[in-house]
Amino acid sequence: MITSPAREWAAIAAAPPTAAGILFCYALPLAAIPAVAWEIGLAAFGLAAFDGELQPARLDRSPLIGAATTLLGSIVCVASLALALFAIVPVYDVRRNWTRAWAVAAYGATPIWLAGALLVQPVLILAVLVATMHASFLWFLGVQALLQVPARAAAECVAIALLIGTVLTMLAGGFLSAAGML
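Residues numbered from 1 in each chain as written. Predicted model: local features only at pLDDT ≥ 70, side-chain atom pairs only at ≥ 80, totals over all residues. Heavy atoms only, no water.

**Describing unusual backbone geometry**
For clarity, the cut-off: Only DSSP runs of H or I covering at least 4 residues are called helices, and only runs of E covering at least 2 are called strands; the numbering of each starts at the N terminus.
Of note in this structure, Asp93 is not a glycine but carries a positive phi near 55°. For Gln148, which is not glycine, the phi dihedral falls at a positive 65°. Along the polypeptide, Gln148 turns up in the loop between helix 6 (125-145) and helix 7 (151-178).

**Here's the deal with the layout of surface pockets**
For clarity, the cut-off: Definitions used for this entry: grid spacing 1 Å over protein atoms alone; cavity, a set of points where a 1.4 Å probe fits but cannot get out; pocket, an open set with protein on both sides within 12 Å along at least 5 of 7 lines; lining residue, one with an atom within 4 Å of a point. Grid points are joined across faces, edges and corners, and a volume is the space filled by probe spheres set on the points. Each residue receives one of three labels: charged for Asp, Glu, Lys and Arg, nonpolar for Ala, Val, Leu, Ile, Met, Phe, Trp, Tyr, Cys and Pro, and polar for the others, Gly being one of them.
The space that makes up the largest pocket amounts to roughly 690 Å³. What lines the largest pocket is a set of 23 residues, and nearest its centre among them are Gly73, Ser74, Cys77, Ile112 and Val128. When residues of the lining of the largest pocket are traced back to their parent elements, those giving at least two are helix 2 (19-45), helix 3 (63-88), helix 5 (110-115), helix 6 and helix 7. In terms of residue count, helix 3 provides more of the lining of the largest pocket than any other element does, 7 residues in total. Residues of the lining of the largest pocket, tallied by class, amount to 15 nonpolar, 8 polar and no charged.

**Observations concerning the environment of Phe140**
The test is simple: Only protein chains enter the accessibility calculation, which uses a 1.4 Å probe. A residue is then buried if its area is under 20% of the maximum for its type, exposed if over 50%, and partly exposed in between. Two residues form a contact once any of their heavy atoms are found within 4.5 Å.
In this fold, Phe140 is placed in helix 6. In this structure Phe140 comes out as partly exposed when scored by relative accessible area, which is 24%. Separated by 75 residues in the primary sequence, Phe140 and Ile65 have C-alpha atoms spaced 34 Å apart. Among residues more than four places away in sequence, those in contact with Phe140 are Ala151, Ala154, Ala155 and Val158.

**Side note on the environment of Ala159**
Secondary-structure assignment places Ala159 in helix 7. Ala159 sits 20 residues away from Trp139 along the chain, and the two C-alpha atoms are 9.7 Å apart.

**Overview of helix 7**
For clarity, the threshold we go by: Residue count minus one, scaled by 1.5 Å, sets the expected span of a helix.
An ideal rise of 1.5 Å per residue puts 40 Å on 28 residues; helix 7 measures up with 41 Å between its terminal C-alpha atoms. Looking only at helix 7, the buried set comprises Ala153, Ala154, Cys157, Val158, Ala161, Gly165 and Thr169. Close packing links the buried residues of helix 7 with helix 3 and helix 6. One or two steps after helix 7, the chain reaches Gly180, where phi turns positive at roughly 80°.

**Quick look at the packing of aromatic side chains**
Quick note on the threshold: Centres within 6.5 Å make a pair out of two Phe, Tyr or Trp rings, where for Trp the six-membered ring is used; the pair is then stacked when the planes are under 30 degrees apart, edge-to-face when over 60, and tilted otherwise.
In total, this model carries 5 aromatic pairs according to the counting rule given. Measuring from centroid to centroid gives 6.5 Å for Trp9 and Tyr107, while their planes differ by 85°, and the two rings are edge-to-face. Highlighted residues: Trp9 in helix 1 (residues 5-14) and Tyr107 in helix 4 (residues 98-108), separated in sequence by 98 residues. For Trp9, a relative accessible area of 1% gives the class buried. For Tyr107, a relative accessible area of 12% translates into the label buried. Each ring, one from Phe86 and one from Trp98, has its centre 6.0 Å from the other, and the planes form 80°; the classification is edge-to-face. Of this pair, Phe86 sits in helix 3 while Trp98 sits in helix 4; the two residues are 12 residues apart in sequence, bridging distant segments of the chain.

**With respect to the nonpolar core**
Which entries qualify depends on this criterion: Throughout, nonpolar core names a set of buried Ala, Val, Leu, Ile, Met, Phe, Trp, Tyr and Cys residues whose side chains join them through atoms within 4.5 Å.
If you look at the biggest cluster of nonpolar residues, it comprises 40 residues, and the most contacted ones within it are Leu85, Val143 and Val149. Going through the elements one at a time, helix 1, helix 2, helix 3, helix 4, helix 6 and helix 7 are the ones with two or more residues in this core. Dropping the residues within four chain positions of it, Val149 is found in contact with Val89, Tyr92, Val94, Val143, Gln144, Ala154 and Cys157.

**Details of helix 6**
Short version of the rule: For this quantity, the arc is that covered by the directions from the helix axis to the C-beta atoms.
The first and last C-alpha atoms of helix 6 sit 30 Å apart over 21 residues, in line with the 30 Å expected at 1.5 Å per residue. Along helix 6, the residues classified as buried are Val128, Ala131, Ala135, Leu138, Trp139, Gly142 and Val143. Across the axial projection of helix 6, the buried residues extend over an arc of 130°, all falling on one side. Exposed side chains of helix 6 directed beyond 90 degrees from the buried face belong to Leu126, Leu129, Val130 and Met133. Considering only its buried residues, helix 6 is in contact with helix 1, helix 3, helix 4, helix 5 and helix 7.

Next comes the structure, spelled out in structure tokens:
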């Protein structure tokens, strides 16, 4: 997906996996990378690493809960993007397909999850932001290959879906926090 995205999108389009298969065999294992790396980084350096002070953190919460929360947040972000893609593709005269929208969102997030390994040093969160640019390119290719959004509208489709997905993610986070789950 990282080095030959056009070939990978074509392979996925030819034999799309199930939504559950994408979640359990692809998204969850990759989403665990930044969740674990972030907790290791916090344990080793703490948030003081952002101020240039390298001191072990005194965490007032369980690292397991922190990792689970980060993992859940990552999956919610991807699910929100998939939901947004699913909702807006009819604007581009494309038929809705949940599995394909989920595949675009999850497979496109690959560089973000892989760059998440760098979070063992919390200040390297900037690398994850750079990986997000590559993910945006992958989503651009994915909406064309899997959802059949015309090339002339693909960038707009991704931008709108990212905006809607961000709002949905913030709402989900607010509801989970209000419910005491975060």
